[in-house]
Amino acid sequence: MTTTLAVRQRSRLSHPVAFVAIAVIFLTFTAASSAPSPLYVVYQELWGFSAVTLTVIFAVYVVGLIGSLLVLGALSDHVGRRPVMAAAVVLEVAALIVFVTAGNVTMLLVARFVQGVATGMAFTTLGAALVDLNPPHAPGRAGLLNSLVPPIGLSVGSLGAGALVQFAPGPTHLVWAILLAAMVVAAAIVLLMPETSARRPGGVASLLPKLGVPQRLRVDFFAIIPIILASWALAGLYMSLGPSIAVGVFGLHSHLVGGLVVALLCGTGAVTAFSLRGFPTPRNLMIAGVMLTVGTAVTLVGIETESIVVAAVGTVLAGIGFGASSLASFGTLALLAAPDERGELFAVALTISYVAFSIPAVIAGLAANTFDLRATGLVYGLVVVALGGTAVILQKVRKA
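Rules behind the numbers
Residues numbered from 1 in each chain as written. Predicted model: local features only at pLDDT ≥ 70, side-chain atom pairs only at ≥ 80, totals over all residues. Heavy atoms only, no water. Helix = DSSP H or I, 4+ residues; strand = E, 2+ residues; numbered from the N terminus. Rg over C-alpha atoms; globule rule 2.2 N^0.38 Å. Buried < 20%, exposed > 50% of the residue type's maximum accessible area, 1.4 Å probe, protein only. Contact = heavy atoms within 4.5 Å. Areas by Shrake-Rupley, 256 points an atom, 1.4 Å probe, with all protein chains shown as cover. Lys, Arg positive; Asp, Glu negative; His and termini not counted. Charge placed at Lys NZ, Arg CZ, Asp CG, Glu CD. Salt bridge = Lys/Arg side-chain N within 4 Å of Asp/Glu carboxyl O. Axes fitted to C-alpha atoms, helices over the stretch in contact; angles between N-to-C directions. Parallel < 35°, antiparallel > 145°, perpendicular 65-115°, else oblique. Left-handed = near helix turned anticlockwise from the far one by under 90°. Patch = residues over 30% accessible without salt bridge, like charges linked within 9 Å, V, L, I, M, F, W, Y side chains within 5 Å. Arc of directions from axis to C-beta.

### Some thoughts on the overall build of the chain
Move 1: Within the chain, the regular secondary structure consists of 16 helices and zero strands.
Move 2: Computed over its C-alpha atoms, the radius of gyration of the chain comes to 20 Å, within 12% of the 21 Å expected for a compact globule of 400 residues.
Move 3: In terms of principal-axis extent, the alpha carbons of the chain reach across some 70 × 55 × 35 Å.
Move 4: A buried classification covers 54% of the 400 residues belonging to the chain.
Move 5: Relative to all contacts within the chain whose residues are 6 or more apart in sequence, the contacts with residues 24 or more apart total 86%.
Move 6: Carbon and sulfur atoms form 73% of the exposed surface of the chain, whose accessible area is close to 15900 Å².
Move 7: Once the 19 positive and 12 negative side-chain charges of the chain are each reduced to a mean point, those two points are 12 Å apart.

Structure, rendered in structure tokens:
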């Protein structure tokens, strides 16, 4: 028995290799979550569905994701990281198979919902596993990766999908086939992963939907909520209406441009998160609030004046705020949480993030059918400006 266990442990990946592998799988899940954005216009052209249907497709993904976060967010703290990672990969593979074979809106809805469930399971578990495997000599590395991976993945997924749709054959199949192959590799890697979280009782009880933050962490956690709301509401605007605004307001009809809209915001965010990694958290929170407010305001001026250059400059400024927010918020969580709190705490933070990311975007998508697309984008942007300004004021009050 002891010999078998020793052999099994030797066959596992070393902690440094597993740390890198987890980051790559995390990146793949994030890229897959943003890949549909440039494809929605293609599906609309193929199947002739309305903007309301497009909003429903976006909404079912979010329902699956938030439901998964609420129900399964803390499960890996009880049953271990590997079983939950494996289940997430299997569900993602199933979703990608449906995407590849999709021939109507119903199949697209099913695929997006299952992908949402898989993504919710994966994000909390992979984020917690990175912290578990964090190298002792670099205590902030897991927090940095948890901040960098989402914007990089969103950029890679949207830009890569846009490029494939624009230049490669089979636009509604090739993207999913590539991601499916990547997920099969991820499944093989998960089988070789070392377990980083001990089993403990309470797994069934953890499935009851709940959001809880330990008492000792509440002050620090609640202080970062406004900036999370502002940054992810902005990301929701770009992911849902960004490509449509590029076409409807600026007359840019290239599918690649649809991917570039998201990539400009998220790519700038990733570069910013890496550049500011040595800054203290309070400073990063202030940078995030100011740049989100200013950048979104400049973007709105670009939309109102139909100036592509002004809108692009505003997007870059807002992207700096997005990256600073991601670094400050998830970096704080990585350093604060104890091992048995990580899954649940990341679930709470991600639930807040995706509520901010999704609900305003769904409302905006419905409003765009009644009101002009430009007006909808302006109102949405003003809400983000108000959230960013609130975050700045709250940080100043807390500091005082």
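### Overview of the pattern of salt bridges
Move 1: The tally for this structure, following the rule as stated, stands at three salt bridges.
Move 2: In this structure, Arg 81 and Asp 132 form a salt bridge, with 2.7 Å as the shortest nitrogen-oxygen distance. Taken as a pair, Arg 81 in helix H6 (residues 81-101) and Asp 132 in helix H7 (residues 105-132) lie far apart in primary sequence, 51 residues in all.
Move 3: Overall, Asp 132 belongs to the buried group, its relative accessible area being 19%.

### Some thoughts on the packing of helix H13 (residues 281-305) against helix H16 (residues 373-399)
Move 1: Closest axis-to-axis distance for the H13/H16 pair is 8 Å, and the angle between their directions is 160°. With respect to H16, the element H13 is oriented roughly antiparallel. Of the two elements, H13 crosses H16, and the hand of that crossing is left-handed. Residues Leu 285, Met 286, Gly 289, Val 290, Thr 293, Thr 296, Ala 297, Leu 300, Ile 303 and Glu 304 of H13 form the contact with H16, whose own contacting residues are Arg 374, Gly 377, Leu 378, Gly 381, Leu 382, Val 384, Val 385, Gly 388, Gly 389, Val 392, Gln 395 and Lys 396.

### Section: a nonpolar patch on the surface
Move 1: A cluster of nonpolar side chains, namely Val 52, Val 56 and Leu 366, defines an oily patch on the protein surface of about 220 Å² accessible area.
Move 2: Along the chain, the position of Val 52 falls in helix H4 (residues 51-72).

### Some details on helix H3 (residues 40-47)
Move 1: Every buried residue belonging to H3 is among Tyr 40, Val 42 and Tyr 43, and all of these are buried. One face of H3 carries all of its buried residues, which in axial projection span an arc of 155°.
Move 2: On the buried face of H3, the contacting elements are H4, H6, H7, helix H8 (141-167), helix H9 (174-191) and helix H12 (255-275).

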